[in-house]
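So the chains spell out like this:
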Amino acid sequence: QMQLVESGGGLVQPGGSLKLSCTASGNINTWAMGWYRQPPGKQRELVAAITSGGTPESATFTESMKGRFTISRDNAKKMVYLQMNSLKPEDTAVYYCTGDPLWHRILGESSMYWGQGTQVTVSS
């Protein structure tokens, strides 16, 4: 049973940056990984996803976050990261890490494994 644990959330001012981390309990070398978020009162949405051998440059992003957010992974450390820059109040949400051997499950929000989420609040 894979476990995913997010960390790095918190309160940040508009225009600031945060880096979220996701630590996996097992080998993620052949897994696609992703980040989703759920703003208050809204549905969960894809933030970014990266294939098993993917690079940050080849990652998939939701358009509104492209250019501000970067997803990366370190398979040796069993970790996935989400670097968030130029944060806006509308980025306030619970951010979830997710992983699955199958790419389409990541994009379809049907991944096998999810973390418990970490709160990100962007406010002055």
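Above this text you will find the structure in question.
Since the structure is predicted, the reported quantities are computational estimates derived from the model, not experimental observations. (Residues numbered from 1 in each chain as written. Predicted model: local features only at pLDDT ≥ 70, side-chain atom pairs only at ≥ 80, totals over all residues. Heavy atoms only, no water.)

Caption draft 1: Examining the side chain of serine 21 more closely. Tracing the chain through its elements places serine 21 in strand β3 (residues 18-24). The exposure class of serine 21 is buried, given its relative accessible area of 14%. Aside from chain neighbours lying at most four places away, what touches serine 21 is Val5, Glu6, Ser7, Trp35, Met79, Val80 and Tyr81. (Helix = DSSP H or I, 4+ residues; strand = E, 2+ residues; numbered from the N terminus. Buried < 20%, exposed > 50% of the residue type's maximum accessible area, 1.4 Å probe, protein only. Contact = heavy atoms within 4.5 Å.)

Caption draft 2: Expanded view of unusual backbone geometry. Positive phi values are uncommon outside glycine, yet lysine 78 reaches one of about 60 degrees. Located in the positive-phi region is serine 86, a residue other than glycine, with phi close to 50 degrees. By secondary structure assignment, the location of serine 86 is in the loop between β8 (79-84) and β9 (93-100). On the basis of relative accessibility, which here comes to 42%, the residue serine 86 falls in the partly exposed class.

Caption draft 3: Here's a closer look at the pattern of salt bridges. A complete count under the given rule lists six salt bridges for this structure. With a shortest N-O distance of 2.7 Å, glutamate 45 and arginine 37 are connected by a salt bridge. By relative accessible area, which is 5% here, arginine 37 ends up buried. As a salt-bridge pair, lysine 66 and glutamate 63 come within 3.3 Å of each other at their nearest N and O atoms. For lysine 66, a relative accessible area of 47% corresponds to the partly exposed category. Each of Arg37, Glu45, Arg68 and Asp91 takes part in a single network of salt bridges with overlapping partners. (Salt bridge = Lys/Arg side-chain N within 4 Å of Asp/Glu carboxyl O.)

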